[in-house]
Amino acid sequence: MAREAEIKRKTNETDISLKLELDGSGVSDIDTGIGFFDHMLEGFSKHGFFDLEAKVAGDLAVDGHHTIEDTGIVLGTAIKKALGDKKGIKRYGSCILPMDETLVLCAVDLSGRPYLAFDADFTAERVGYMETEMVKEFFYAVSYKAKMNLHIKVLSGSNNHHIIEGMFKAFARALDEATGIDERITGILSTKGSL
């Protein structure tokens, strides 16, 4: 059975159409109107082997806040839907990812309990046309809509581009591991019997 989801969400601030396939090959078609954000989502797709299509029309005349946050809401919703009943998934995933001078840790638990721990400092207000403060807002939205426990910590780094890109790639790798199927798991990986 294909583990995929297609989500459409329209508000007065954004109009989003997103399609996600967990068991893909890393193919993406992204257009959010924010070039650096597109680049980050393309990296997420490529390094997590997720097929991702995202078309986002947002109120960029205001700023990028609604576009980025709402994309996180829709992506998180798609992850949750694509996972279905979570039978057989590894549930946990982690990655320590180097990118030049930067080292980022990311750990995921697809527990059904949303939580974001985010430990990073930025020295620039934006990278390209993406506000750096929106990085946390994006991951917060993803974690809460996907109902995942998500920890992201910058262990070292000084270049804001490298730090953010390291986060997206580490998240992709950790999520790929967590969503992976383990044949040893006959049901749900929990003593409770549900996630």
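Refer to the structure presented above.
We now turn to the structure provided with this report. (Residues numbered from 1 in each chain as written. Predicted model: local features only at pLDDT ≥ 70, side-chain atom pairs only at ≥ 80, totals over all residues. Heavy atoms only, no water.)

1. Focus on the pairing of strand 2 (residues 14-21)
- Residues Thr14, Ile16, Leu18 and Leu20 of strand 2 are buried on one face, while the alternating residues Asp15, Ser17, Lys19 and Glu21, pointing to the opposite face, are not.
- Relative to strand 2, strand 1 (residues 4-10) runs antiparallel, the two sharing 7 bridges. Within the sheet, the bridge partner assigned to Ile7 lies in strand 2 and is Leu18.
- Taking the residues between adjacent antiparallel strands as the criterion, strand 1 and strand 2 are bridged by 3 residues.
- With 8 bridges connecting them, strand 2 and strand 4 (residues 51-58) associate as antiparallel partners. Among the inter-strand pairings, Ile16 is bridged to a residue of strand 4, identified as Val56. (Buried < 20%, exposed > 50% of the residue type's maximum accessible area, 1.4 Å probe, protein only. Helix = DSSP H or I, 4+ residues; strand = E, 2+ residues; numbered from the N terminus. Pairing = 2+ DSSP bridges.)

2. Comments concerning the packing of aromatic side chains
- Within this structure, the stated rule accounts for 8 aromatic pairs.
- Seen from their ring centres, Phe139 and Phe168 are 4.9 Å apart, and the 50 degrees between their planes marks the pair as tilted. Of this pair, Phe139 sits in helix 3 (residues 133-146) while Phe168 sits in helix 4 (residues 160-179), and the two are 29 residues apart along the sequence.
- Between Phe139 and Phe171, the ring centres sit 5.4 Å apart and the planes meet at 80 degrees, which makes this aromatic pair edge-to-face. Of this pair, Phe139 sits in helix 3 while Phe171 sits in helix 4, and the two are 32 residues apart along the sequence. Phe171 carries the same exposure label as Phe139, and that label is buried.
- These aromatic residues form a ring-pair network of at least three members: Phe37, Phe44, Phe50, Phe138, Phe139, Phe168 and Phe171. (Phe/Tyr/Trp six-rings, centres within 6.5 Å; stacked < 30°, edge-to-face > 60°.)

3. Points about helix 2 (residues 65-83)
- Its 19 residues place the ends of helix 2 27 Å apart at the C-alpha level, agreeing with the 27 Å of an ideal helix rising 1.5 Å per residue.
- Within helix 2, 14 of the 19 residues are buried, which leaves it mostly tucked inside the rest of the structure.
- Among the residues trailing helix 2, Gly84 stands out with phi positive, at a value near 60 degrees. (Expected span 1.5 Å × (residues − 1).)

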